[in-house]
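Per-entry structural report
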Amino acid sequence: MTGARPDGPHLDGVRLDGVLSPWRLTGIAAPMLLWALHLVVVYSLQGVTCAEGLALTRHAGLTALAWSVLALTAVTFTLLAWLGRRAWRGWRAAQADRSAPALAARRRFAAAASGALCVLSAVAVLFTTIPVLLLPGCA
């Protein structure tokens, strides 16, 4: 059994089912999981950088730690944008669904919660990144 129905929910040719569907708990929790992973990796990188004395290495005016955090933040923002787009599409698909009003209302709520958590996670990632860029790495 593949788990995906050929006539499953979709919008504009994009399938919206699967583990990261904005209508499932895993899809709703995914943005906060990304933020948590970003936080753990940033503080782990800072600890390793300070312990190994790598904070003095500079490239184009920024330390290696700052470049690493910027790259990690860019990847995290990209994934959050992808999840947010899926949530938006899920909300639109549920909005257009007239066959089961109760199910459509539940799916609209789940998609809206998933989208709101994407925005909240992006703000949290930004708040994690800014101190690393503005403050000395191993002060």
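Since the structure is predicted, the reported quantities are computational estimates derived from the model, not experimental observations.

What counts and what doesn't
Residues numbered from 1 in each chain as written. Predicted model: local features only at pLDDT ≥ 70, side-chain atom pairs only at ≥ 80, totals over all residues. Heavy atoms only, no water. Helix = DSSP H or I, 4+ residues; strand = E, 2+ residues; numbered from the N terminus. Buried < 20%, exposed > 50% of the residue type's maximum accessible area, 1.4 Å probe, protein only. Contact = heavy atoms within 4.5 Å. Core = buried A, V, L, I, M, F, W, Y, C linked by side-chain atoms within 4.5 Å.

1. Comments concerning the environment of Arg-106
For Arg-106, the position within the fold is in helix H3 (residues 101-134). Between the C-alpha atom of Arg-106 and that of Ala-94, which follows or precedes it by 12 residues, the distance is 8.6 Å.

2. Considerations on the side chain of Thr-76
Residue placement: Thr-76 occurs in helix H2 (residues 64-96). Note on Thr-76: relative accessible area 5%, which makes it buried. Once residues lying within four places of it in the same chain are set aside, the contact partners of Thr-76 are Leu-34, His-38 and Val-125.

3. Details of the side chain of Thr-49
One can find Thr-49 in helix H1 (residues 25-52). Looking at Thr-49, the relative accessible area reads 8%, which means it is buried.

4. With respect to the nonpolar core
Counting residues in hydrophobic clusters, the biggest one holds six residues: Ala-30, Leu-34, Leu-80, Leu-83, Cys-118 and Val-125. If you list the elements that add at least two residues to this core, you get H1, H2 and H3. Formed by five residues, the second largest nonpolar core is a distinct cluster that contains Trp-23, Ile-28, Ala-93 and Ala-110.

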